Structures are given as structure tokens and as C-alpha cells.
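What follows is the residue order along each chain.
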Amino acid sequence: MKCLVDYVKAIEGATSPCEIVTSDFQSETKHDQTGSTIEITKRVHHFKDGVSIEYEREYDDGGSYPGCK
């Protein structure tokens, strides 16, 4: 059984017993009702052993709320 850290090492490009077969990347920009810009990025890494790990990041520029990024 492999540990999560082995998959993370492979994603980070470090030496790992896990092998990434393919990776998918999506990026989307939205605007909400307050005028803030929301950037969403999503990566899915597919490993040789059938495991898939998804990473999603959302960034809000805090347009209407400058102190609350």
C-alpha cells in the first residue's frame, strides 16, 4: 500500500515510487455579484496504479473587500 506522501512527491516532481500517467488542467475565471474576480484552477493527476488525485484552488481578488482576500 502506498502512502499519500508518495503521490504528492510525484506531483511535486520528487523521486517517488508512484508514476503519473496523465494530468489534466482546467482554469476558469468568474465574477461574482460584488465585482470580485474569482480564479479557479483544477488539476487531476492520474497514476499508473489507477489512483487519481484532484487539486482545486480558488483565488478571490477581494474586489469589494480589499482586506479580505
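Located above this text is the structure these notes cover.
(A) Examining the pairing of strand 1 (residues 20-31) more closely. Summarising the sheet, strand 1 and strand 2 (residues 37-47) pair through 11 bridges and their orientation is antiparallel. Each residue of the ladder has a partner; that of Q26, found in strand 2, is K42.

(B) Local environment of the nonpolar core. Listed in full, the five residues of the largest apolar core are Y7, A10, C18, F47 and I53. Beyond its immediate sequence surroundings of up to four residues, A10 is in contact with S16, C18, I20 and F47.

(C) Geometry of the packing of aromatic side chains. For the structure shown, the criterion picks out one aromatic pair. Judged by centre distance (4.8 Å) and plane angle (80°), the ring pair of Y7 and F47 falls under edge-to-face. A residue pair is termed long-range when its members are at least 10 positions apart, and Y7 in helix 1 (residues 4-12) and F47 in strand 2 qualify at 40 residues. Since its relative accessible area comes to 8%, Y7 is described here as buried. According to the relative accessible area criterion, F47 is buried, its value standing at 4%.

(D) Structural view of the pattern of salt bridges. Applying the stated criterion to the full structure yields four salt bridges. Here E19 and K48 are joined by a salt bridge, their closest N and O atoms 3.8 Å apart. A residue pair is termed long-range when its members are at least 10 positions apart, and E19 in the loop between helix 1 and strand 1 and K48 in the loop between strand 2 and strand 3 (52-60) qualify at 29 residues. In this structure E19 comes out as partly exposed when scored by relative accessible area, which is 45%. Among the salt bridges present, the one from E28 reaches K30, with a minimum N-O distance of 3.9 Å.

The rules behind each value
- Residue positions within a chain follow its written sequence, with the count starting from 1.
- Local features in this predicted model are restricted to residues of pLDDT 70 or higher, and side-chain atom pairs are both shown and tallied only at a pLDDT of 80 or more, whereas totals for entire chains, interfaces and linings draw on every residue.
- Hydrogens and water molecules were not included; the side-chain quantities draw on all heavy atoms of the structure.
- Note: two strands are recorded as paired if DSSP finds a minimum of 2 bridges between them.
- Strands here mean DSSP runs of E at least two residues long; helices mean DSSP runs of H or I at least four residues long; both are numbered from the N terminus.
- Among buried residues, the Ala, Val, Leu, Ile, Met, Phe, Trp, Tyr and Cys ones that are joined through side-chain atoms within 4.5 Å form a nonpolar core.
- Think of it in three bands: with a 1.4 Å probe and only protein chains considered, a residue is buried below 20% of the maximum accessible area for its type, exposed above 50%, and partly exposed in between.
- In what follows, a contact means two residues having at least one pair of non-hydrogen atoms within 4.5 Å.
- To pair, rings of Phe, Tyr and Trp, with the six-membered ring standing in for Trp, must have centres within 6.5 Å; the planes then decide the type, stacked if under 30 degrees apart, edge-to-face if over 60, and tilted in the middle.
- What counts as a salt bridge is simple: a side-chain nitrogen of Lys or Arg found within 4 Å of a carboxyl oxygen of Asp or Glu.

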